[in-house]
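The chain contents come next:
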Amino acid sequence: MKSDDDLDKWPAAGDTIAAIPVIDLGSRASVRQIADACREWGFFQVIGHGIPRTLVEKVWQSTRAFFALPVDQKERIIRTRENPWGYYNNELTKNQRDKKEVFDYTSGGVDPVYGAKNRWPDFDADFRPTMEAYRDACAGLSLRLLEAMSEGLGVDAGFLNPLFEPEHTGFIRLNYYPVADPMEGREDVAHLDIADLGVHHHTDAGALTVLLQDNVGGLQVYNDGLWYDVPPVDDAFVVNTGDMMQVWSNDRYQAAIHRVLAMENSDRYSIPFFYNPRAGAKIRPLPSVVTASRPALYREIDWSQFRSQRTEGDYADYGAEVQIAQFRIDP
Ligand code: OGA
Ligand code: NI
């Protein structure tokens with residue numbers, strides 16, 4: 001076994017072998033296909049999702065326009081430890097500085113985990129309504145995917161829904177991965193190592209992630225000793241399982257390890273929606289997957305606590321961030 005830090009030394013799969021499945025949500029087979037993809041990959045793409053192309057195009061336009069603003073204008077809504085919503089250009093994943101810029105926003109009211117409100121740029125009156133409509137569309141799609149995954153685990157489709165009501169704590173992240181280092185020459189970050197990847201390998205903390213990527217590519221998923229490309233597919237969303245799904249499924253659906261390669265030739269944009277349970281939700285393996293021969297593998301997790309501890313790792317080098325393995329019950 002290679003240790004976690006050696007994961008990036010595994011080779012790329014090349015494009016001759018198995019590919020991440022593309023599933024049509026309009027097809028009757030989609031529930032079973034989603035279950036298979038969650039077991040085998042923790043990653044798939046969906047078409048036939050019902051999110052209008054016109055909305056997606058407006059989201060791309062707004063995203064590009066935002067990142068093209070002068071940095072001092074973006075930094076007016078820079079996120080802080082007290083308020084994580086807004087712009088950030090020095091993201092840390094695994095305690096290295098990533099070469100990217102982000103803008104994060106969440107649900108409509110005051111965020112129930114942080115007690116903080118979204119902060120919006122004021123360069124374009126359409127930006128906020130476009131992004132809010134998109135967030136709500138992603139939440140709707142995510143609920144459908146959650147229901148399919150629940151069915152695949154042998155509980156009723158709606159079994160997990162109460163853990164997302166009255167309000168999920170999901171959020172959207174606009175990611176901009178430039179070829180050039182946006183922080184080049186800045187003394188305040190000169191002491192930090194710059195990552196040799198766009199995003200270091202990681203799992204997403206929540207239930208599942210629905211991601212829109214442009215046509216540049218660079219997202220990869222780790223599976224059994226190889227890194228597989230998640231290629232851009234027209235009008236598709238990329239879906240992956242997160243840590244909470246791994247716990248609910250009692251390891252049947254592993255949270256997928258993924259990364260983004262450093263951009264060499266063109267800038268890249270991507271837009272994940274991290275679908276997360278409500279504040280205070282308690283997460284434990286589902287009754288349908290806990291059996292005498294396979295008892296629960298995890299202690300109960302308080303979602304708000306897990307989320308706050310994970311986010312701490314985004315701000316400074318406090319050592320290892322909280323990982324799902326810390327909640328594993330020793331055999
Ligand atoms: C993330 C992530 C992938 C991408 O932001 O957690 O994995 O393609 N992004 O940008
Ligand atoms: Ni991710």
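Residues numbered from 1 in each chain as written. Chains lettered and ligands numbered in written order. Predicted model: local features only at pLDDT ≥ 70, side-chain atom pairs only at ≥ 80, totals over all residues. Heavy atoms only, no water.

1. Remarks on the overall build of the protein
In terms of regular secondary structure, the protein is built from six helices and 16 strands. Across the 331 residues that make up the protein, the buried fraction comes to 53%. Contacts spanning at least 24 positions in sequence make up 77% of the contacts within the protein whose residues lie at least 6 apart. Put simply, the protein shows about 14,600 Å² of open surface, and 50% of that area lies on carbon and sulfur atoms. (Helix = DSSP H or I, 4+ residues; strand = E, 2+ residues; numbered from the N terminus. Buried < 20%, exposed > 50% of the residue type's maximum accessible area, 1.4 Å probe, protein only. Contact = heavy atoms within 4.5 Å. Areas by Shrake-Rupley, 256 points an atom, 1.4 Å probe, with all protein chains shown as cover.)

2. As for the sheet that holds strand β7 (residues 171–177)
Spatially, eight strands are ordered β1-β2-β12-β9-β14-β7-β6-β3 in an open sheet, and the strand pairing comes out mixed. The open sheet is flanked by β1 (22–24) and β3 (86–88), the only strands paired with a single partner. Ignoring strand direction, the axes of neighbouring strands in this sheet form an average angle of 25°. Note: strand β2 (residues 43–47) against strand β12 (residues 237–241), four bridges, orientation antiparallel. If you follow F43 over to β12, its bridge partner there is N240. Contacting β1, β2 and β12, helix α1 (residues 30–40) runs over the sheet at an angle of about 160° to β1. Across the sheet, helix α4 (residues 127–152) lies against β2, β6 (101–105), β7, β9 (208–213), β12 and β14 (268–275), angled at about 55° from β14, the strand it touches most. (Pairing = 2+ DSSP bridges. Axes fitted to C-alpha atoms, helices over the stretch in contact; angles between N-to-C directions.)

3. Some points on the coordination of the nickel ion (ligand 2)
Looking at the nickel ion (ligand 2), the protein donor atoms are H202 (NE2), D204 (OD) and H258 (NE2), and they sit 2.1 to 2.2 Å from it. For the nickel ion (ligand 2), the single-chain donor residues occur in sequence as H-x1-D-x53-H. (Donors = N, O, S within 2.8 Å, 3.2 Å for Na, K, Ca; no water.)

4. Remarks on the pattern of salt bridges
A full pass over the atoms with the stated rule returns 14 salt bridges. Of the charged contacts in the structure, one is a salt bridge between R53 and D235, with a shortest N-O distance of 3.9 Å. Taken as a pair, R53 in helix α2 (residues 53–67) and D235 in the loop between β11 (226–229) and β12 lie far apart in primary sequence, 182 residues in all. You can call R53 partly exposed: its relative accessible area is 40%. One network of salt bridges, in which partners are shared, links R32, D36 and R39. (Salt bridge = Lys/Arg side-chain N within 4 Å of Asp/Glu carboxyl O.)

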